[in-house]
Amino acid sequence: MDGRVDGRAMKPFREVKANEVTPELLRSAMDRDGYLLIRGVVPRSDVDQLLDDVTQVIEAAGWLEPGHDPMERMANAGAACGDPDPGFKRTYQEVFNLPAFHALPHHPELKRAMKMLVGDRVLVHPKPIGRLIFPQCDRLTVHAHQDYRFMGGDPECFTAWIPMHDCPVDVGPLRILEGSHRFGIIKHEDENLHVPEIASAEAMGGEWVGGEIMAGDVLIFHSLTVHAASPNLSRQMRLSLDCRFQDYRRVLNPANLAFAGDSGKSWEKIYASWPSEDLKYYWKGLPLNLKPSVSELQELAASAETEAIRARYAKILSQVS
Ligand SMILES: O=C(O)CCC(=O)C(=O)O
């Protein structure tokens, strides 16, 4: 399957093999197209280990059809759910707590590729996002947006989108509006929407590009690049992880390091069952350029406009200082 946009075949991703990528090639693709698909960055066996851990969690949650190997990810249609359903959030949190989920963004081969783009002072943002996408559920498909809208900080920040298994077009991989990063910040609609999105009339750029993304491949794109998920038309769950990378001297929004909502999440709770100290609080040792800074957060926690906003800043402050 080639994937279709308005009934037409979608233009394929521009791609390169991991052993052929150079800093010049990666940077020029990013400048021109706002993305590059790199094939075979992470060894399949390393991706499989994460898939194994994640499928155990979702199988225990009843999300998989009994009688199949969990690694096949056959979905139990009756269990379909997604953010913000409370049942989804509970299982999502178990996935988020997995050490392997946090280890993948630090994989040496992935970091080697990201350093070609951001330089040696690479910050791996500590909150990757797991996508646990049931099939045949239109409401769970992520619509067009720019990551900058959600991350803030410096736009020179890059996302790596990594499927945990082979992801043919009918399983719903990401697609990209090529060259869209060159049009700056685009207005997102947020009225009555759980997640803000860009209306098709507002999206500017070249053509939508897409195609299959296999286990071990990494789709890298700029924080201003417009992208969206393709619908999952299969019978399998689509499981992927997206994480963000930047030069740590560039401005970073501290919300990307902390849990600001009312969920009760904390790094202490997440780390509690981890067998190794290696990846705990690794960013605290880096000379980060936070905006708002710690002293500005103190000020905001004391004097921001409403009690809810003051509480939010206080929560962030308590986790980054
Ligand atoms: O995987 C998805 O469905 C959406 C991912 C996404 O929007 C992102 O990586 O920023």
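The rules we used
- Throughout, a residue's number is its position along its own chain's written sequence, starting from 1.
- Totals for whole chains, interfaces and linings use every residue, but because this is a predicted model, local features are given only for residues with pLDDT of at least 70 and side-chain atom pairs only at 80 or more, for both listing and counting.
- The C-beta atom of each residue is placed using the backbone, and any residue whose C-beta lies within 6 Å of a molecule or strand is treated as near it.
- Side-chain classes follow a simple rule in which Ala, Val, Leu, Ile, Met, Phe, Trp, Tyr, Cys and Pro form the nonpolar group, Asp, Glu, Lys and Arg form the charged group, and the remainder, Gly included, forms the polar group.
- Comment: axis = line fitted to C-alpha atoms, over the contacting stretch for helices; angle = value between 0 and 180 degrees taken between N-to-C directions.
- A run of H or I in DSSP becomes a helix once it reaches four residues, and a run of E becomes a strand once it reaches two; helices and strands are each numbered from the N terminus.
- By definition in this entry, angles of less than 35 degrees are roughly parallel, angles greater than 145 are roughly antiparallel, angles of 65 to 115 are roughly perpendicular, and the rest are oblique.
- Two helices cross in a left-handed way if the nearer one is turned anticlockwise from the farther one by less than a right angle. They cross in a right-handed way if the turn is clockwise.
- Residues are treated as contacting if the C-beta atoms built from their backbones sit within 7 Å of each other.
- Working definition of burial: number of other C-beta atoms within 10 Å of the residue's own, with buried at 20 or more, exposed at 12 or fewer, and partly exposed in between, all C-beta atoms being placed from the backbone.
- Any two strands with at least two DSSP bridges between them are considered paired.
- Nonpolar core, as used here: buried Ala, Val, Leu, Ile, Met, Phe, Trp, Tyr and Cys residues forming one set through C-beta atoms within 7 Å.
- Note that domain bounds follow an automatic or database assignment of domains.

### A short note on the site of the ligand
And step 1. Around the ligand, the neighbouring residues are R131, I133, V142, D147, T159, W161, L174, H227, A229, S240 and D242.
And step 2. Of the residues assigned to the shell around the ligand, the class counts are 5 nonpolar, 3 polar and 3 charged.

### Brief notes about the packing of helix α2 (residues 44–60) against helix α3 (residues 86–96)
And step 1. Contact geometry for α2 and α3: axes closest at 10 Å, N-to-C directions at 155 degrees. As far as their axial angle goes, α3 and α2 are roughly antiparallel. Note on packing geometry: the crossing formed by α2 with α3 is right-handed. Contact with α2, carried on its side by V54, V57 and I58, involves T91, E94 and V95 of α3 and no other residues of that element.

### Quick notes on the pairing of strand β9 (residues 174–177)
And step 1. The alternating pattern of β9 places L174 and I176 and R175 and L177 on opposite faces, both of which are buried.
And step 2. Pairing of β9 with strand β12 (residues 227–229) involves 3 bridges; the strand directions are antiparallel. From the neighbouring strand, L174 faces β12, where its bridge partner is A229.

### Things to note about the nonpolar core
And step 1. Judged by nonpolar contacts, the single largest core of 64 residues is most densely connected at A160, V218, L219 and I220.
And step 2. Beyond its immediate stretch of four places on either side in the chain, L219 contacts Y35, L37, W161, L174 and I213.
And step 3. Grouped together as the second largest cluster of nonpolar side chains are 7 residues, A255, Y313, I316 and L317 included.

### Digging into the environment of A113
And step 1. Relative to the assigned elements, A113 resides in helix α5 (residues 108–118).
And step 2. Put simply, A113 and L51 are 62 residues apart on the chain and 22 Å apart in space, counted from C-alpha to C-alpha.
And step 3. Beyond its immediate chain neighbours, meaning those up to four positions away, A113 contacts V21, I38, V41 and V218.

### Digging into the domain arrangement of the chain
And step 1. Taken domain by domain, the chain holds domain 1 (4–250) and domain 2 (258–321).
And step 2. Relative placement of domain 1 and domain 2: their C-alpha centres are 25 Å apart.
And step 3. Listed as interface residues are 12 residues of domain 1 and, on the opposing side, 10 residues of domain 2.
And step 4. Tallying contributions element by element places helix α4 (residues 99–103) first for the side of domain 1 that touches domain 2, with 3 residues.
And step 5. Looking at the side of domain 1 that touches domain 2 residue by residue, the class counts come to 6 nonpolar, 4 polar and 2 charged.

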